[in-house]
Amino acid sequence: MRGSSFVRFLVAGAANSGITYGLFVILAWWMPPSVAYSLVFLFGIALSYVLNAAFVFRTRASIRTAVRFPGVYLVQYLTGLALLTLLVRWGVASWAAMPLTMCVTVPLTFVLSRRVLRGAARRVESAPEPDRVSV
């Protein structure tokens, strides 16, 4: 992992968490917490996409990567849920299992986000020039 982009990833994640928590608190004054949470969760994925594209990996946002990006969070969720469940079944207290789970899911999310955002950019950059003929 490249240190500087991973540090930016952690900073962006902390900013996203703070912003979405603040938004949740505000929205929960006017609507049921479950609705506020759902809206903030979706907003958090969108904010994460923007922060990761612009700040963390410094790539251009595109429809293609925007459509693929929520899949990163689906994989993160399912991996975290499976690992948390497994650790608790093995006798690890849930308060200790969660940070252990995060030690896996945070780097996983970084790698998958980089693959979605930079992988697409690399494919576009390395694509051959269309119909260029040397004369």
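The structure we're discussing is the one just above.
Residues numbered from 1 in each chain as written. Predicted model: local features only at pLDDT ≥ 70, side-chain atom pairs only at ≥ 80, totals over all residues. Heavy atoms only, no water.

### Here's the deal with the packing of helix H2 (residues 33-56) against helix H3 (residues 63-89)
Thought 1: Following both chains from N to C, one finds H2 and H3 inclined at 115°, their axes separated by 10 Å at the closest point. What the angle tells us is that H2 and H3 run roughly perpendicular. Relative to H3, H2 is oriented so that their crossing is right-handed. In contact with Ile 45, Ser 48, Tyr 49 and Asn 52 of H2, H3 contributes Thr 65, Ala 66, Phe 69, Pro 70 and Tyr 73.
Thought 2: Here the contact of H2 with H3 is composed, by residue class, of six nonpolar, three polar and no charged. (Axes fitted to C-alpha atoms, helices over the stretch in contact; angles between N-to-C directions. Helix = DSSP H or I, 4+ residues; strand = E, 2+ residues; numbered from the N terminus. Parallel < 35°, antiparallel > 145°, perpendicular 65-115°, else oblique. Left-handed = near helix turned anticlockwise from the far one by under 90°. Contact = heavy atoms within 4.5 Å. Nonpolar A, V, L, I, M, F, W, Y, C, P; charged D, E, K, R; others polar.)

### Description of H3
Thought 1: Relative to the 39 Å expected for 27 residues at 1.5 Å per residue, H3 spans 41 Å between its end C-alpha atoms, a close match to the ideal helical length.
Thought 2: The set of residues buried in H3 consists of Thr 65, Phe 69, Val 72, Tyr 73, Gly 80 and Leu 87.
Thought 3: Gly 91 sits one or two positions beyond H3 and adopts a positive phi of about 100°. (Expected span 1.5 Å × (residues − 1). Buried < 20%, exposed > 50% of the residue type's maximum accessible area, 1.4 Å probe, protein only.)

### What to know about the layout of surface pockets
Thought 1: Each pocket or cavity is described by its volume, and for the largest pocket that value is around 950 Å³.
Thought 2: Surrounding the largest pocket, 30 residues form its lining, Gly 13, Ser 17, Phe 41, Tyr 73 and Gln 76 being those nearest its centre.
Thought 3: Contributing elements (two or more residues each) for the lining of the largest pocket: helix H1 (3-28), H2, H3 and helix H4 (94-126).
Thought 4: For the lining of the largest pocket, the element with the most residues is H1, which contributes ten residues.
Thought 5: In terms of residue class, the lining of the largest pocket is built from 18 nonpolar, twelve polar and no charged. (1 Å grid on protein atoms, 1.4 Å probe; cavity = no way out; pocket = protein on both sides within 12 Å on 5 of 7 lines; lining within 4 Å. Points joined across faces, edges and corners; volume = space filled by probe spheres on them.)

Shape descriptors only; they carry no functional weight alone.
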